[in-house]
Amino acid sequence: MSRVTRAAIPLIAAAALSGVPAVTATASAATASHTSSHTAPCPPRIVADWVRAWNGTDPRALGALFTARGVYTDLGLGVAFHGREEISGWKARADRLIDGIRVTVRATHRDGSRITVDAVYAGHLKGAPEAFAVPMTTLLDLDRHGRITSDQDHYSLAEVLAQSGLPADWTPPAS
């Protein structure tokens, strides 16, 4: 007799006495058994550090995660930054333009030295009527020491602007 069957017997008996259909009780037991024995894996350390850097206020923390020749590409805006100093500068500019930047990881997948991060990118563009929270996929390529050689952020700038209540042709102020 399986664990699910053993766990379901008392639920089926209770369901019979209470008038709840046995199928619902069995399905609940199977779900409870399955979810309790499988927990989501923790994201790789570099992903946790990357999220902490984006959610933090020290721009150098993001740049420090990259190799000296690392490249950060923001595909939503179509810009790329090379090296730790430029990447740190990009984070500093983002902090000046967006209040409350927040990256929330929904899932990660690792295949060798590439990590795919499924996340939500959120914040409030300064001067915009509303905040935004859009889906984002990031591809992180790592060197053999676990440092980022390439970061490619994929999200919809059109969706950021729409959620923010800004026109599609809005551009950030020069700074």
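The following refers to the structure shown. All of these numbers come straight from a predicted model, not from anything done at the bench.

**With respect to the side chain of T73**
Piece 1. As for its position among the elements, T73 is in strand β1 (residues 66-74).
Piece 2. In contact with T73, not counting residues within four places along its chain, are V79, A80, D151, Q152 and D153.

**Side note on the packing of aromatic side chains**
Piece 1. Applying the stated criterion across every chain yields a total of four aromatic pairs.
Piece 2. Arranged with centres 4.7 Å apart and planes meeting at 20°, the rings of F81 and W90 form a pair that is stacked. Neither F81 nor W90 differs from the other in exposure class; each is buried.
Piece 3. A centroid spacing of 5.3 Å and a plane angle of 65° characterise the contact between Y121 and F132, whose relative ring orientation is edge-to-face. Taken as a pair, Y121 in strand β4 (residues 114-125) and F132 in strand β5 (residues 132-142) lie far apart in primary sequence, eleven residues in all.
Piece 4. Look at Y121 and you get buried, because its relative accessible area is 10%.
Piece 5. Taken together, the ring pairs connect Y121, F132 and Y155 into an aromatic cluster.

**Looking at the pairing of strand β2 (residues 79-82)**
Piece 1. Relative to β2, β1 runs antiparallel, the two being bridged by four bridges. What sits directly across from T73, in β2, is A80.
Piece 2. As consecutive antiparallel partners, β1 and β2 are separated by four residues, and within that stretch G78 has a phi angle of approximately 75°, a positive value.

The rules behind the values
- Residues numbered from 1 in each chain as written.
- Predicted model: local features only at pLDDT ≥ 70, side-chain atom pairs only at ≥ 80, totals over all residues.
- Heavy atoms only, no water.
- Helix = DSSP H or I, 4+ residues; strand = E, 2+ residues; numbered from the N terminus.
- Contact = heavy atoms within 4.5 Å.
- Phe/Tyr/Trp six-rings, centres within 6.5 Å; stacked < 30°, edge-to-face > 60°.
- Buried < 20%, exposed > 50% of the residue type's maximum accessible area, 1.4 Å probe, protein only.
- Pairing = 2+ DSSP bridges.

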